[in-house]
Amino acid sequence: MLPAAVIGAAVNRTAAGRKQINYEGEEEIMIKVGIIGSTGYAGGELVRLLLQREDVEIKWYGSRSYIGQDYASVYANMFQLVDENCMDDNMKELAGLVDVVFTATPQGLCASLVDEEILSKVKVIDLSADFRIKDVGVYEQWYKLKHASPRFIGEAVYGLPEVNREQVKSARLIANPGCFPTCSFLSVYPLVKEGLIDPGTLIIDAKSGTSGAGRGAKVDSLYCEVNENIKAYGVGVHRHTPEIEEQLSYAAGKPVTVSFTPHLVPMNRGILVTAYASLTGNASEEELRAAYEKYYQKEYFVRVLKPGVVPQTRWVEGSNFADVNFKLDPRTNRVVMMGAIDNMVKGAAGQAIQNMNLMFGLAEHTGLRQVPMFP
């Protein structure tokens, strides 16, 4: 039998995490994780998902609002599961303790914290928009912020694994996609990439549960404001618009401008996208389906539904799956493209962990095979 001091010990730190010895004497990887912004909804979801893994240890529960408080007093579902107190956002100290840092923070914070010294020590997965948009001028225009570290924008990899898988594997800095852009892009990408639709005619109508607005107290998120109600918001000015356009422009090989309108619906989780665009030719239902199969047939997390089946948020809730489908409308020569995700999982924490798995050489679905919850 191995000595007790050896069993479970961290032997050395590598690019793939810290190696440890399990009870069978086999070498395995233990990834040390820090979360800045762990008490927001996305941060809390990171904790929930990562706590289920045997190969991950959360070393830092960061939160500006609750420094020194028990994490389980902020999220009572973590009672007797998390004993640690909330820490501050000292990324320099954190970088010396862990292998990867998740920043689930408001826009501008990650950019103000990250520097070359930190990136030389630790991988960073940013769930904010700080590094998603490559044109710093566009970022500053839409987010009304001066970018604190534009020198890292070019290096940051847009963390949509279904498109940028190989780049993610070798990245130091990941820009985790937004929830609306993830669902919108995955819903329409195959037809844009194959040139089967005119992206200039693309209209994206999206609905989101209230968790997408974050955990902060806002009048628009109050129960009486949301319950028994649905409304459009950010009409023509939503900050996810340039992110959607930039990524679709890469797919189309030319600049793309879209009409994007989100709506708030009275449910906790979920995003449903319904998008409309004109066909560039006379593509048949079979040709359109072949495009989806071409890009998603081997994708574990993107499920192309059977003909006539529409995506629903209830069938992806609590999971990292994205359900997509389409319907050809020959009367108008348009196609309707649809998608559904859980905004907290594939739209935030789950996708961030999917990226982490790739960065550390793990199977992409490690720790993310949760079956969607119902009812």
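Going by the annotation in an unreviewed UniProt entry, the name recorded for the protein chain is N-acetyl-gamma-glutamyl-phosphate reductase, with [Clostridium] asparagiforme DSM 15981 given as the source organism. Check the Catalytic activity (unreviewed entry) section of the UniProt entry for the protein chain; it says "N-acetyl-L-glutamate 5-semialdehyde + phosphate + NADP(+) = N-acetyl-L-glutamyl 5-phosphate + NADPH + H(+)". Quoted verbatim from the Sequence similarities (unreviewed entry) field of UniProt, the annotation for the protein chain is "Belongs to the NAGSA dehydrogenase family. Type 1 subfamily."

S.K.: Got a minute to help me understand the UniProt feature "active site" (unreviewed entry) in the protein chain in this structure?
M.R.: Taken from the UniProt record, the annotation "active site" (unreviewed entry) applies to Cys179. In this structure, Cys179 sits in helix H8 (residues 179-193). The contacts of Cys179, once residues within four sequence positions are left out, are His240, Ile271, Ile341, Asn343 and Gly347.

S.K.: Help me understand helix H11 (residues 285-296), please; the structure alone is not making it clear to me.
M.R.: The α-helix winds at 3.6 residues per turn, so residues separated by three or four positions along the chain end up facing the same way. The terminal C-alpha atoms of H11, which comprises 12 residues, lie 17 Å apart, in line with the 16 Å expected from a rise of 1.5 Å per residue. Every buried residue belonging to H11 is among Leu288, Arg289, Ala291, Tyr292, Tyr295 and Tyr296, and all of these are buried. One face of H11 carries all of its buried residues, which in axial projection span an arc of 150°. Across H11 from its buried face, at more than 90 degrees, point the exposed residues Glu286 and Lys294. Considering only its buried residues, H11 is in contact with H8, strand E13 (302-304), strand E14 (322-329) and strand E15 (334-341).

S.K.: Hey, could you run me through the domain arrangement of the protein chain in this one?
M.R.: How big an interface is tends to be expressed through the accessible area that disappears when the partners come together. With domains assigned, the protein chain is organised as domain 1 (31-176 + 348-360) and domain 2 (180-341). Between the C-alpha centres of domain 1 and domain 2 the distance comes to 25 Å. In this assembly, domain 1 packs against domain 2 so that about 2,100 Å² is buried in total across both faces, 52% of it on carbon and sulfur atoms. Together, Tyr41, Trp142 and Glu162 form the three largest contributors to the area buried by domain 1 at its contact with domain 2, with a combined 31%. Inspection of the region where domain 1 meets domain 2 yields 3 salt bridges. Between Arg165 and Glu299 there is a salt bridge, and its shortest N-O distance comes to 2.7 Å. Our count for the domain 1 to domain 2 interface comes out at 11 residue pairs in polar contact (both at pLDDT 80 or more).

S.K.: Where do I start with the nonpolar core in this structure?
M.R.: Taken as a class, soluble globular proteins show a tendency for nonpolar side chains to be buried jointly. Core analysis: the biggest nonpolar cluster contains 42 residues, and Leu191, Leu202, Leu248, Leu288, Tyr296 and Met337 have the highest contact counts within it. Sorting the residues of this core by element identifies H8, strand E9 (203-208), helix H10 (241-252), strand E12 (271-278), H11, E13, E14 and E15 as the ones contributing at least two each. For this core, the leading source of residues is H8, giving 9 residues. Counting residues in hydrophobic clusters, the runner-up holds 40 residues, among them Ile35, Leu46, Ala104 and Leu358.

S.K.: Hey, could you run me through the sheet that holds strand E11 (residues 259-264) in this one?
M.R.: Within a sheet, adjacent strands bond to each other through the backbone by hydrogen bonds, running parallel or antiparallel. Taken together, 7 strands build an open sheet; the order of strands is E10-E11-E9-E12-E15-E14-E13 and the sheet is mixed. The open sheet terminates on both sides in strands that have one partner only, identified here as strand E10 (231-232) and E13.

S.K.: Explain the environment of Leu305 here, please?
M.R.: Within the secondary structure layout, Leu305 lies in the loop between E13 and E14. Residue classification places Leu305 among the buried positions, given a relative accessible area of 15%. Separated by 20 residues in the primary sequence, Leu305 and Asn325 place their C-alpha atoms 5.6 Å from one another. Those residues within four positions of Leu305 in sequence are excluded, and the remaining contacts are Arg289, Val310, Pro311, Asp323, Val324 and Asn325.

What counts and how
Residues numbered from 1 in each chain as written. Predicted model: local features only at pLDDT ≥ 70, side-chain atom pairs only at ≥ 80, totals over all residues. Heavy atoms only, no water. UniProt positions renumbered as here; feature names shortened; annotations may be inferred. Helix = DSSP H or I, 4+ residues; strand = E, 2+ residues; numbered from the N terminus. Contact = heavy atoms within 4.5 Å. Expected span 1.5 Å × (residues − 1). Buried < 20%, exposed > 50% of the residue type's maximum accessible area, 1.4 Å probe, protein only. Arc of directions from axis to C-beta. Domains from an automatic or database assignment. Buried area = accessible area lost by both parts, 1.4 Å probe. Salt bridge = Lys/Arg side-chain N within 4 Å of Asp/Glu carboxyl O. Polar contact = N/O pair within 3.5 Å; in protein donor to acceptor, adjacent residues only side chain to side chain. Core = buried A, V, L, I, M, F, W, Y, C linked by side-chain atoms within 4.5 Å. Pairing = 2+ DSSP bridges.

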